[in-house]
Every structure is written in structure tokens, then in C-alpha cells.
Amino acid sequence: MANTSLLQVRIPAKDKEAASAILEKQGTNLSAVVNMMVRKIILTGRIPFEVEINPLAYTLDEAIQEVEATMAIEGMDLTETDIQMLYAYKKGETSGDALRQQILEEI
């Protein structure tokens, strides 16, 4: 067997079940799709889809707080600059690609 590593992801059980059912109908599974996504990230050097927040689900402040809380769960605190970038993106003042480029230039 190839040299592999275990990846654990916490998601709501109902989301896992729903996604698994959809993928099973397509002849694949979550593990295969996650592997495809990781390979695509490696090949392109970016997230292989646009990350957006449903504008009907949250107010601007709620959306930013949701991102901040999610990042905190992963042990990654957002700086004030990060938060301002999120506001600019949410307001349509900048694109995800422009922000991604800005972030890459900073690291």
C-alpha cells in the first residue's frame, strides 16, 4: 500500500449522510472526493471552487462572526486585517482571487 496519512474531519452527521448518498449515486464516496479535492489543490495551488457565504443566510456581521468562530475552532485567530478583507469581499469590493493573491504575497 502507498504511504498514506489519516485525515479526520468533523462535520454534522446529517451532512455526511446526505453527501454520501449523493456520491454513492454517482459511483463514488467521500474519501475519493476528498482525495480528488486535495490533488486539485496541489495541482492548481488554490481552493478548487469559489468560497461564498449565502447572502440570504446571514447579515454581514453574522457572516464575519461565523468565519471567525470557525477559524477559532481550528485554532486560527483572525487578525483585524483578516476581518477587513472579509468585509471587503462580502461587500463585493474585491474578489476571492485578489484576496488569495494578497495573502500569498504576505506569506
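What counts, and at which threshold
Residues numbered from 1 in each chain as written. Predicted model: local features only at pLDDT ≥ 70, side-chain atom pairs only at ≥ 80, totals over all residues. Heavy atoms only, no water. Salt bridge = Lys/Arg side-chain N within 4 Å of Asp/Glu carboxyl O. Helix = DSSP H or I, 4+ residues; strand = E, 2+ residues; numbered from the N terminus. Buried < 20%, exposed > 50% of the residue type's maximum accessible area, 1.4 Å probe, protein only. Expected span 1.5 Å × (residues − 1). 1 Å grid on protein atoms, 1.4 Å probe; cavity = no way out; pocket = protein on both sides within 12 Å on 5 of 7 lines; lining within 4 Å. Points joined across faces, edges and corners; volume = space filled by probe spheres on them. Axes fitted to C-alpha atoms, helices over the stretch in contact; angles between N-to-C directions. Parallel < 35°, antiparallel > 145°, perpendicular 65-115°, else oblique. Left-handed = near helix turned anticlockwise from the far one by under 90°. Contact = heavy atoms within 4.5 Å. Nonpolar A, V, L, I, M, F, W, Y, C, P; charged D, E, K, R; others polar.

K.L.:
So, the pattern of salt bridges: which residues are in play, and what are the values?
P.N.:
Under the counting rule described, the total for this entry stands at two salt bridges. Between Asp97 and Arg46 there is a salt bridge whose closest N-O contact spans 3.1 Å. With a gap of 51 residues between them, Asp97 in helix H5 (residues 96-106) and Arg46 in the loop between helix H2 (30-44) and helix H3 (60-73) connect regions that are remote in the sequence. Here Asp97 makes a salt bridge to Arg100, at a shortest N to O gap of 2.5 Å. Of this pair, Asp97 and Arg100 both sit in helix H5, separated by three residues, roughly a single helical turn. Under the relative-accessibility criterion, Arg100 is labelled buried at 19%. Put simply, Arg46, Asp97 and Arg100 are held in one network by salt bridges that share partners.

K.L.:
With reference to specific residues and values, describe helix H1 (residues 13-25).
P.N.:
In an α-helix there are 3.6 residues to a turn, and that puts residues three or four apart on one side. Look at H1: 19 Å from first C-alpha to last across 13 residues, which is about the 18 Å you get at 1.5 Å a residue. Looking one or two residues beyond H1, the residue adopting positive phi is Gly27, at roughly 80°.

K.L.:
Describe in detail the environment of Ala18, supporting the description with residues and values.
P.N.:
Tracing the backbone shows Ala18 in helix H1. Note on Ala18: relative accessible area 42%, which makes it partly exposed. In the structure, Ala18 is positioned 80 residues away from Ala98 in sequence and 33 Å away in space, judged by C-alpha atoms.

K.L.:
Before we move on, could you go through the layout of surface pockets and cite the residues and values that matter?
P.N.:
In this structure, the largest pocket encloses a volume near 1800 Å³. Around the largest pocket sit 34 residues that line it, and Ile47, Val51, Val67, Met71 and Leu86 are the ones nearest its centre. Elements supplying a minimum of two residues to the lining of the largest pocket: H2, H3, helix H4 (80-90) and H5. Looking at the lining of the largest pocket element by element, the count peaks at seven residues for H3.

K.L.:
I'd like a rundown of the packing of H3 against H4, residues and numbers included.
P.N.:
Packed helix pairs are characterised by how far apart their axes lie and by the angle those axes make with each other. One way to put it is that H3 packs onto H4 with a least axis distance of 10 Å and a crossing angle of 135°. Taken as axis vectors, H3 and H4 run oblique relative to one another. In this structure, H3 crosses over H4, and the sense of that crossing is right-handed. Between H3 and H4, the contacting residues are Leu60, Asp61, Ala63, Ile64, Val67 and Glu68 on the first element and Ile83, Leu86, Tyr87 and Lys90 on the second. Of the residues that constitute the contact of H3 with H4, the class distribution is seven nonpolar, no polar and three charged.

Read these as spatial facts, not as claims about activity.
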